[in-house]
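A closer look at the structure
Below are the chains, spelled out letter by letter.
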Amino acid sequence: MDDIVRTAEQVVTLAHVRAYVDAMGLIDMTDPEELSSRLIAARNLLAVVSETVTQPTADDVEGIAEQVVTLEAVRALVSEYMDIPATDTGRLLGHLMTTEVQLIKVNRVFGESEHTT
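1. Points about the packing of aromatic side chains
Across all of its chains, the model carries zero aromatic pairs by this definition. Residue placement shows Arg43 over the ring face of Tyr81; its charged tip is 4.4 Å from the ring centre.

In structure tokens form, the structure reads like this:
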């Protein structure tokens, strides 16, 4: 039963990643409130990926290896999260870009599979 629940959580999480990546668009790089709220959303989603996506979903060795490396990078990034002053637009933007790039990588390497469709 635990495997079924874990797989369901993983499917839902990866669907949220796909939806987030699909919805990414232009952002006002000078608006600290927008940067901050988007960074919080991206970080929260990446933290959920770190917690729920525990196993590769690929069927081939190369795909599995790429997924494992991506999950390790996600966990490393999540472990380095720190507070950023809401007025520091440069750092907010940098952290947002890093986090969103990682979400794009998760979306790419976990793409459509029998476990995520």
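Now that the structure has been shown, the text picks up again.
2. Focus on the pattern of salt bridges
Scanning the entire structure with this criterion turns up three salt bridges. Across the salt bridge formed by Glu100 and Arg38, the nearest N and O atoms sit 2.7 Å from each other. With Glu100 in helix α4 (residues 89-110) and Arg38 in helix α2 (residues 32-52), this pair connects stretches of sequence that are 62 residues apart. Where Arg91 meets Asp88, a salt bridge forms, and the shortest distance between an N and an O atom there is 3.8 Å. What makes Arg91 partly exposed here is its relative accessible area of 35%. Looking at Asp88, the relative accessible area reads 25%, which means it is partly exposed.

3. Looking at α4
With 22 residues, α4 extends 31 Å from end C-alpha to end C-alpha; this agrees with the ideal 32 Å at 1.5 Å per step. Buried within α4 are the following residues: Leu92, Leu93, Leu96, Thr99, Glu100, Gln102, Leu103, Val106, Asn107, Val109 and Phe110. Looking at the buried residues of α4, the elements they touch are α1 (2-23), α2 and α3 (61-79).

4. Quick word on the environment of Gln67
Residue placement: Gln67 occurs in helix α3. As a C-alpha pair, Gln67 and Asp22 span 45 residues in sequence and 20 Å in three-dimensional space. In this structure the side chain of Gln67 is engaged in a polar contact, spanning 2.6 Å, whose partner is the backbone nitrogen of Thr57.

5. What to know about α1
In an α-helix there are 3.6 residues to a turn, and that puts residues three or four apart on one side. Given a rise of 1.5 Å per residue, 22 residues ought to cover 32 Å, and the 31 Å separating the end C-alpha atoms of α1 matches this to within 8%. For α1, every residue scored as buried is listed here: Gln10, Thr13, Leu14, Val17, Arg18, Tyr20 and Val21. Each buried residue of α1 lies within a common arc of 160° when the element is viewed along its axis, so the set occupies one face. Set apart from the buried face of α1 by more than 90 degrees, the exposed residues are Ile4, Asp22 and Ala23.

How each quantity is defined
- Residues numbered from 1 in each chain as written.
- Predicted model: local features only at pLDDT ≥ 70, side-chain atom pairs only at ≥ 80, totals over all residues.
- Heavy atoms only, no water.
- Phe/Tyr/Trp six-rings, centres within 6.5 Å; stacked < 30°, edge-to-face > 60°.
- Lys NZ or Arg CZ within 6 Å of the ring centre and 35° of its normal.
- Salt bridge = Lys/Arg side-chain N within 4 Å of Asp/Glu carboxyl O.
- Helix = DSSP H or I, 4+ residues; strand = E, 2+ residues; numbered from the N terminus.
- Buried < 20%, exposed > 50% of the residue type's maximum accessible area, 1.4 Å probe, protein only.
- Expected span 1.5 Å × (residues − 1).
- Contact = heavy atoms within 4.5 Å.
- Polar contact = N/O pair within 3.5 Å; in protein donor to acceptor, adjacent residues only side chain to side chain.
- Arc of directions from axis to C-beta.

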